[in-house]
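Overview (structure and organization)
Now for the letters of each chain:
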Amino acid sequence: MNFKIKIFLAVIAILLIISGAVFVFKNQISGFLLQRAINSIYVENLNVARTYLIMAGFLENSPNYHYLSGNLALIQKKYENALEHYNKAIDLGFLPKEWALLKRASIYQLYLVDYQKALNDYLEIEKGAADRLSLSHEGAMVLLYQPLASLYIELGKPNEAI
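Keep in mind that what you see is a predicted model, and the values were worked out from it rather than measured.

**Let's talk about the overall build of the chain**
Along the chain, the regular secondary structure elements total 9 helices and 0 strands. Going from N to C terminus, the chain has its helices and strands arranged as α-α-α-α-α-α-α-α-α. When contacts within the chain are restricted to residue pairs at least 6 apart in sequence, long-range pairs at least 24 apart make up 45% of them.

**A word on a nonpolar patch on the surface**
A contiguous nonpolar surface patch, about 480 Å² in accessible area, is contributed by Ile5, Phe8, Leu9, Ile12 and Leu16. The class of Leu16 is exposed, set by a relative accessible area of 58%.

**As for the pattern of salt bridges**
On inspection of all chains with the given rule, the structure shows 3 salt bridges. The shortest N-O distance in the salt bridge between Glu124 and Lys97 comes to 2.8 Å. Separated by 27 residues along the polypeptide, Glu124 in helix α7 (residues 115–126) and Lys97 in helix α6 (residues 97–111) bring together distant segments of the chain. Between Arg104 and Asp121 there is a salt bridge; the shortest N-O distance is 2.6 Å. Highlighted residues: Arg104 in helix α6 and Asp121 in helix α7, separated in sequence by 17 residues. A relative accessible area of 3% means that Asp121 is categorised as buried.

**Re the nonpolar core**
Counting 26 residues, the largest nonpolar core has Tyr67, Leu74, Ala82, Tyr86, Ile107, Tyr122 and Ile125 as its most contacted members. Only α4 (63–75), α5 (79–91), α6, α7 and α8 (137–154) provide two or more residues apiece to this core. By size, the runner-up hydrophobic cluster in this structure holds 11 residues, among which are Ala37, Tyr52, Ala56 and Tyr65.

**Some remarks on helix α3 (residues 46–59)**
For α3, built from 14 residues, the straight-helix expectation of 20 Å at 1.5 Å per residue is met to within 8% by its first-to-last C-alpha distance of 20 Å. Here α3 has its buried residues at Ala49, Tyr52, Leu53 and Ala56. Relative to the axis of α3, the buried residues are bounded by an arc of 100 degrees and lie together on one face. Turned more than 90 degrees from where α3 packs its buried face, Asn47 and Phe58 sit exposed. In this structure, the buried residues of α3 make contact with α2 (26–42) and α4.

**Here we look at unusual backbone geometry**
Looking along the chain, the bond that leaves Leu95 and enters Pro96 is cis, with omega of -5 degrees. Among the secondary structure elements, Pro96 is positioned in the loop between α5 and α6. One non-glycine residue, Glu44, lies in the positive phi region at around 60 degrees. The residue Glu44 is located in the loop between α2 and α3 in this model.

**Some thoughts on the confidence of the model for the chain**
Averaged over all residues, the pLDDT of the chain is 85; the fraction at 70 or higher stands at 90%. Mean pLDDT per element in the chain: α8 is the minimum at 76, and α5 is the maximum at 95.

**As for the environment of Leu110**
Along the chain, Leu110 falls in helix α6. Counting along the chain gives 41 residues from Leu110 to Leu151, while the straight-line C-alpha distance between them is 9.3 Å.

**Here's the deal with the packing of α5 against α6**
Two numbers describe how α5 lies on α6: the axes approach to 10 Å, and their chain directions differ by 155 degrees. Of the possible angle classes, the one that applies to α5 and α6 is roughly antiparallel. Crossing of α5 against α6: the hand is left-handed. Here α5 contributes Tyr79, Ala82, Leu83, Tyr86, Asn87 and Ile90 to the contact with α6, which in turn contributes Lys97, Ala100, Leu101, Lys103, Arg104, Ile107, Tyr108 and Tyr111. Classifying every residue of the contact of α5 with α6 gives 10 nonpolar, 1 polar and 3 charged.

Reading guide: rules and limits
- Residues numbered from 1 in each chain as written.
- Predicted model: local features only at pLDDT ≥ 70, side-chain atom pairs only at ≥ 80, totals over all residues.
- Heavy atoms only, no water.
- Helix = DSSP H or I, 4+ residues; strand = E, 2+ residues; numbered from the N terminus.
- Contact = heavy atoms within 4.5 Å.
- Patch = residues over 30% accessible without salt bridge, like charges linked within 9 Å, V, L, I, M, F, W, Y side chains within 5 Å.
- Areas by Shrake-Rupley, 256 points an atom, 1.4 Å probe, with all protein chains shown as cover.
- Salt bridge = Lys/Arg side-chain N within 4 Å of Asp/Glu carboxyl O.
- Buried < 20%, exposed > 50% of the residue type's maximum accessible area, 1.4 Å probe, protein only.
- Core = buried A, V, L, I, M, F, W, Y, C linked by side-chain atoms within 4.5 Å.
- Expected span 1.5 Å × (residues − 1).
- Arc of directions from axis to C-beta.
- pLDDT = per-residue confidence, 0-100.
- Axes fitted to C-alpha atoms, helices over the stretch in contact; angles between N-to-C directions.
- Parallel < 35°, antiparallel > 145°, perpendicular 65-115°, else oblique.
- Left-handed = near helix turned anticlockwise from the far one by under 90°.
- Nonpolar A, V, L, I, M, F, W, Y, C, P; charged D, E, K, R; others polar.

Set out below in structure tokens:
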């Protein structure tokens, strides 16, 4: 066999092995990239976090990817983009769903001034899942009922706020 053909076949074999490994271990690789994105967000290195999220998005269209992308977009004040990612995270089954609903409701309430959509999200959270927002019930009440009361005040419903 010609030397060039051997090199070509070796390169093809190596590429097949690498692509097979990526396919088999894509969940672990995606999880690693998402964790690196979280770490980069914590140290406020948003460009690096975005790069990790893009790489993770190529591997897997997961609810965690969309939730983290929504968080990054929210930090960057890209509210419409954040809203799209939170919607996708909810549609893909992000758990706990209430966290994504809470973020989405805050975008509606504080940035897009769509009080009815915010109210719908808050009421969906309240339907029985508020205790899952925090380890303590008091924490869940603060996370849910304080912005809900604020929203009722904005809507001119002081009795509901109380």
